[in-house]
Number of protein chains: 2
Amino acid sequence: MNEIILQLNRDGSDPIYLQIYEEIKNQILNDILHPDRKIPSVRLLSTNLGVSRNTVETAYERLLSEGYIYSKARSGYYVQDLATDVMREKEQVTKKAITSEIETNSFVTRFDFRGNRVDTTNFPLSIWKKIMNQCLKDQGDELFYFGQPQGELGLRKEIADYLHQARGVRCTEEQIIIGPHSQYLLNLLCQMIGLNGQTIAFENPGYYAARQVFRLLGYQIESIAVDKNGINLDQLHQSNAALAYVTPSHQIPLGYIMPVQQRLKLIEWAVSGERYIIEDDLNSEFRYSGDPIPALQHLDHHGRVIYMGTFFKSLLPSIRLNYMVLPANLLEIYQVHLSIYQQTTSRVLQKTVELFMKEGYWIRHLRRMRKIYKKKFDWTRECIQKYMKDDVTILGDNAGHHVVVQLNEPKANKDYHSLAMENGIALDSVTQFLDENQTYENDFHIYMLCFTALSEEKIEEGIKELSKVWFD
Amino acid sequence: MNEIILQLNRDGSDPIYLQIYEEIKNQILNDILHPDRKIPSVRLLSTNLGVSRNTVETAYERLLSEGYIYSKARSGYYVQDLATDVMREKEQVTKKAITSEIETNSFVTRFDFRGNRVDTTNFPLSIWKKIMNQCLKDQGDELFYFGQPQGELGLRKEIADYLHQARGVRCTEEQIIIGPHSQYLLNLLCQMIGLNGQTIAFENPGYYAARQVFRLLGYQIESIAVDKNGINLDQLHQSNAALAYVTPSHQIPLGYIMPVQQRLKLIEWAVSGERYIIEDDLNSEFRYSGDPIPALQHLDHHGRVIYMGTFFKSLLPSIRLNYMVLPANLLEIYQVHLSIYQQTTSRVLQKTVELFMKEGYWIRHLRRMRKIYKKKFDWTRECIQKYMKDDVTILGDNAGHHVVVQLNEPKANKDYHSLAMENGIALDSVTQFLDENQTYENDFHIYMLCFTALSEEKIEEGIKELSKVWFD
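Everything in this summary refers to the structure shown in the same document. Quick caveat, the model's predicted, so the values are computed rather than measured. (Residues numbered from 1 in each chain as written. Chains lettered and ligands numbered in written order. Predicted model: local features only at pLDDT ≥ 70, side-chain atom pairs only at ≥ 80, totals over all residues. Heavy atoms only, no water.)

## Comments concerning the overall build of chain A
Within chain A one finds 14 helices and 17 strands. Expected size for 472 residues packed as a compact globule is a radius of gyration near 23 Å; at 31 Å, chain A overshoots this value by more than 25%. Projected onto its principal axes, the C-alpha coordinates of chain A cover approximately 95 × 55 × 50 Å. Within chain A, counting contacts between residues at least 6 apart in sequence, those at least 24 apart form 72% of the total. A total of about 19,700 Å² of accessible surface is found on chain A, and carbon and sulfur atoms cover 45% of it. Put simply, chain A has 52 plus and 60 minus side-chain charges, and the middle of one group is 4 Å from the middle of the other. (Helix = DSSP H or I, 4+ residues; strand = E, 2+ residues; numbered from the N terminus. Rg over C-alpha atoms; globule rule 2.2 N^0.38 Å. Contact = heavy atoms within 4.5 Å. Areas by Shrake-Rupley, 256 points an atom, 1.4 Å probe, with all protein chains shown as cover. Lys, Arg positive; Asp, Glu negative; His and termini not counted. Charge placed at Lys NZ, Arg CZ, Asp CG, Glu CD.)

Put into structure tokens, the structure is as follows:
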């Protein structure tokens, strides 16, 4: 009684061995073939089905290797006892979450003043492509393998040189870790500092994505107010924080520069309590009066500052390339425990950026974009003066990718942000940057107009329109 | 008494305004210019130095914006009181860690049998470059912006189709998260599951890099033995583990396939205790007899299995592209809390892989590599039979990128691994994959010969040489 009935389809759509395998497997899983039942020998089944022995053997081999059948020496093949009801239970998985995650926006955006956009029309794409293809050609085999976990040494050298010259950062290439975005680098950093529920002082309003990373990693967030002097040092001293996350060169989102006096006090706070300061230097490349402000790290002689930077705005958002500079004590921890994290960025891309920097294209691109953005920046402020003069105050410094405006006399219960969005004007509100776990007595009527991706005509039209929507 | 002495260098090397700024800044920092001292007016200094007012103004503006000086209305500029000793303390940072991290290998490697290498000579580089350039050209502007945090929808569709057909994985593209390597994806996953010191059951020997990630994230590791049936289920049941990390299709490093009976029991363990199973399906593409074994996830109807895969061996190591498939409950947590993690992989690269798959190049490349690797695999086994027949036993299945050999009669106190390395034969030892926090009664004399990047001549030469070194 070791015959079995198999229905095979001989139109050539599936190989016969595969059909035999599938049929027997399903009969076992559905308990049609019971445990420990003998199944036909290879010889018998091949004769019955009129197929070659080889075909049946291949199917049996697979059933055997996957554990559906077992063999007894000099006896043959038997059905394995799977002894389980798992297969027979119904699927209980909620399908709720598995729905298309594509955002649908019911408003048509006519003017997009939101951040995360850059002027891509002026990116030197043909040079970029040339260099990328050159890399693929020249570097040959080696470029296809894993590189160094911290990132390519050549690229790190270029970054260290740039940081030294342009940002006053004290570092060598050995201290630099390359990563795809600051959130990833913060993950690594927190694993070096420890995941024991530390308290971190965080600017409020501040960069929400970074705040959320610390929350996910179990850090306690102590929200500290910011004003034109940067993070409030009194509040900081009263906190229990073991580290602080700050954006001193261009506060995110308000755009203030932390004065050097406050910077030195901040470093004193860190040095005296062996605390750390994470300096996120996003956007530092774009100042429109004078040179960039040197980094906070420049003032640190005690290894308390972790410096972070990005190419997102100085190259392209899609080039996922950020970096951090570790002080010596953290670098030691990194090298011992974290170098199992392979590098995240493809070597071809790293090599392309390296050559793009080395051959001077990056600095040239930066200079060019600084001019273009300065013009747009000035123009945006002019338009605001022209159309909203008495209604808003411009905050922040001559830097960055957006102009920050505060409403002078906001009307209670008027939702300015929604009003703009509903009228096709997309922009970011400072509210998005506030710690949502805090309560606030008043609304913050502060909005950001990012000008980078818009033409001058669009900027004027948009601001004129916004003024009408908000104040008429 | 508000004159100051500045030494300017007029050879044109640095702009004059910058020199003025630097000199005054340094005099303030070094306490040569004392707090609240008045500094010369713009008019006076420009006359004294014989430079334009504009030049001095630019320098003062910068000193002002950085907080080194302050201004009093109708009076002039004064030195800010920085009130700090931080600048004057000596640098105490240990430079120990900041030394070149480049590995120096004192042995010349003549035969490299280590993993992490692939056959790059057969990679269709010209097609790849063509597609990449096409992507840069066609996709235009949009490709330069941030994409979806989970990864490009088109690429996820291709992956979902492939996983469904080739691996039997039940999923839609909405469940797929793209990342640069499995360590990163495990970081995300642990943040979904929780960082409260959970216990994870981990194969021993097992994939050390993943084990270390869990340790860094505060997970307790419960090491569970593996044999030809996969992870030991009795030990698993006795553990307190809330989740398990397994490699059922091709155990890392031993190469065993977990039989379906054990797979179903493993799933029962997860379902009954609402536990999770992380299935790392590395290398599943390369089986040399029969088709690939369907994934464990295929048998899971309860949303307990997280499936992980990689393109590292099926494309190139330098293409940093991995993915995981989340069950619905974890996907919901991801969408609510973790979508602040931007995508790590550049959109151009994602789009290139998408088109490479869509146009059939990937499947063609896989088929081709499977043939090439099968030939090398068989040849490696033949050579082992020929030169080491009685000295070793070959373990594992007809799959993967290496052949695993166990020494039949290892001599005590003989360090086989070092012996090979010293003689220019680099290879991986199973010892590298053992939990280093456990103690072991006996040494594991199991070694892996990865053949992918070597020619047949090199394979034979290397094994012949190894046999001499080990057994003569």
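## What about the pairing of strand β2 (residues 69–72) of chain A?
Residues and elements named next belong to chain A. Taken together, the four bridges between β2 and strand β3 (residues 76–79) define a ladder with antiparallel strand orientation. The residue bridging Tyr70 from the neighbouring strand is Tyr78, located in β3. Here β2 hands over to β3 after three residues, with Arg74 in that stretch at a positive phi of 60°. (Pairing = 2+ DSSP bridges.)

## Regarding the pattern of salt bridges
All names here are of chain A. Summed over all chains, the structure comprises 25 salt bridges over all chains. We note a salt bridge from Arg110 to Glu465, for which the minimum N-O separation is 3.3 Å. Linking Arg110 in the loop between β3 and β4 (111–112) with Glu465 in helix α14 (residues 456–471), this pair joins segments that are 355 residues apart in sequence. Of the residues examined, Glu465 reaches a relative accessible area of 21% and is grouped as partly exposed. Between Lys386 and Glu460 there is a salt bridge, and its shortest N-O distance comes to 3.2 Å. Residue Lys386 is located in helix α12 (residues 361–388), and its partner Glu460 is located in helix α14; the two are separated by 74 residues in the primary sequence. (Salt bridge = Lys/Arg side-chain N within 4 Å of Asp/Glu carboxyl O. Buried < 20%, exposed > 50% of the residue type's maximum accessible area, 1.4 Å probe, protein only.)

## Re empty space enclosed by the protein
Summed over the entire model, instances satisfying the criterion amount to 17 cavities of 30 Å³ or more. Roughly 260 Å³ of volume is contained in the largest cavity. Contributing to the lining of the largest cavity are 22 residues, with A:Met132, A:Ser346, A:Leu349, B:Met132 and B:Ser346 lying nearest its centre. Those elements that place two or more of their residues in the lining of the largest cavity are α4 (125–138) and α11 (347–358) of chain A together with α4 (125–138) and α11 (347–358) of chain B. No other element matches α4(A), which puts four residues into the lining of the largest cavity. Across the lining of the largest cavity, the residue classes tally to 18 nonpolar, four polar and no charged. (1 Å grid on protein atoms, 1.4 Å probe; cavity = no way out; pocket = protein on both sides within 12 Å on 5 of 7 lines; lining within 4 Å. Points joined across faces, edges and corners; volume = space filled by probe spheres on them. Nonpolar A, V, L, I, M, F, W, Y, C, P; charged D, E, K, R; others polar.)

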